[in-house]
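Below, each chain spelled out in residue letters.
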Amino acid sequence: MNIEQARFNMIEQQIRPWDVLDPGVLSLLAMVKREDFVPAAYRAMAFIDMQVPLPAGQCMLEPKVEARLLQELAIHKHENVLEIGTGSGFMAALLGHKAQQVTTIEINAELAALASVNLERAGVMNVTVHHADGAPGLPSEAPFDAILLSGSVADVPPGLLAQLKVGGRLAAIVGQQPMMRAMLFTRSSE
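Before going into details, it helps to say that this report is about the structure given with it.

### Quick word on helix α4 (residues 90–98)
1) Next: Within α4, eight of the nine residues are buried, leaving the element largely enclosed by the surrounding structure.
2) Next: Among all positions in α4, only Phe90, Met91, Ala92, Ala93, Leu94, Leu95, Gly96 and Lys98 are buried.

Shown next as structure tokens:
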């Protein structure tokens, strides 16, 4: 398999048609090696338009969904970001390239360890991985410029919205199967 051709095809045939047109996001997806965050047994699936299995029954989101969430959050280099649901660390790596600091919380110990190893190997130094339940967020380090829920929730916990700075954004996939949708919240006032 020609990995660079597969990466190019993923960007041009899956991600761009999903209205991900931000040149910064597209170039980041070309630069950060997604295949390095996919478990070895599924490496051939790294660029396919589907969820990739992870340990503990979790999965990586489809590349187009990851890209669209990243684009909609519109992260800036001076921002402090919280991610709930680290998985293999790929989204944390993308966020780390865009933000000043990223804190990511993973409830599963095996995934937290995997993400830490993947991020270190990829040379992403501004991401801190915490092994904990992410539902309450991280009030001790709030407020955040952006929060990303890298999984789905039935409802966004109000406590997470309260951890946003004024002007801060929270992106999440909300609902229950089969009716789920990506949502972007912006905190407009105290």
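There is more to say after this.
### Some remarks on the packing of helix α2 (residues 23–31) against helix α3 (residues 63–73)
Working note: a packed helix pair is described by the angle between its axes plus the distance between those axes.
1) Next: Two numbers describe how α2 lies on α3: the axes approach to 10 Å, and their chain directions differ by 140 degrees. Between α2 and α3, the crossing angle belongs to the class labelled oblique. In the crossing of α2 with α3, the sense of the turn from one axis to the other is right-handed. Counting all contacts with α2, which are made through Val25, Leu28 and Leu29, the residues of α3 involved are Ala67, Leu70 and Gln71.
2) Next: Across the contact of α2 with α3, the residue classes break down as five nonpolar, one polar and no charged.

### Looking at the pairing of strand β5 (residues 127–131)
1) Next: Of the pairings in the sheet, the one linking strand β4 (residues 101–106) to β5 comprises five bridges and is parallel in character. Bridging across to β5, Thr103 finds its partner in Thr128.
2) Next: Following the backbone out of β4, through helix α5 (residues 109–121) and into the adjacent parallel β5, one traces a crossover that is right-handed.

### Quick word on the pattern of salt bridges
1) Next: Using the criterion set out here, one finds 10 salt bridges in the structure.
2) Next: Of the charged contacts in the structure, one is a salt bridge between Glu4 and Lys33, with a shortest N-O distance of 3.7 Å. One end of the pair, Glu4, is in helix α1 (residues 3–15); the other, Lys33, is in the loop between α2 and β1 (52–53), and 29 residues separate them in sequence.
3) Next: The exposure class assigned to Lys33 is partly exposed, which follows from its relative accessible area of 33%.
4) Next: Of the charged contacts in the structure, one is a salt bridge between Arg68 and Glu72, with a shortest N-O distance of 3.0 Å. One end of the pair is Arg68 and the other is Glu72, both in helix α3 and four residues apart, which spans about a single turn.

### Focus: the packing of aromatic side chains
1) Next: Evaluation of the coordinates by the stated rule reveals one aromatic pair.
2) Next: When the ring centre of Phe90 is taken as reference, the NZ or CZ atom of Arg34 above it lies at 5.5 Å.

Cut-offs applied
- Residues numbered from 1 in each chain as written.
- Predicted model: local features only at pLDDT ≥ 70, side-chain atom pairs only at ≥ 80, totals over all residues.
- Heavy atoms only, no water.
- Buried < 20%, exposed > 50% of the residue type's maximum accessible area, 1.4 Å probe, protein only.
- Helix = DSSP H or I, 4+ residues; strand = E, 2+ residues; numbered from the N terminus.
- Axes fitted to C-alpha atoms, helices over the stretch in contact; angles between N-to-C directions.
- Parallel < 35°, antiparallel > 145°, perpendicular 65-115°, else oblique.
- Left-handed = near helix turned anticlockwise from the far one by under 90°.
- Contact = heavy atoms within 4.5 Å.
- Nonpolar A, V, L, I, M, F, W, Y, C, P; charged D, E, K, R; others polar.
- Pairing = 2+ DSSP bridges.
- Right-handed = clockwise from strand over helix to strand, strands pointing away.
- Salt bridge = Lys/Arg side-chain N within 4 Å of Asp/Glu carboxyl O.
- Phe/Tyr/Trp six-rings, centres within 6.5 Å; stacked < 30°, edge-to-face > 60°.
- Lys NZ or Arg CZ within 6 Å of the ring centre and 35° of its normal.

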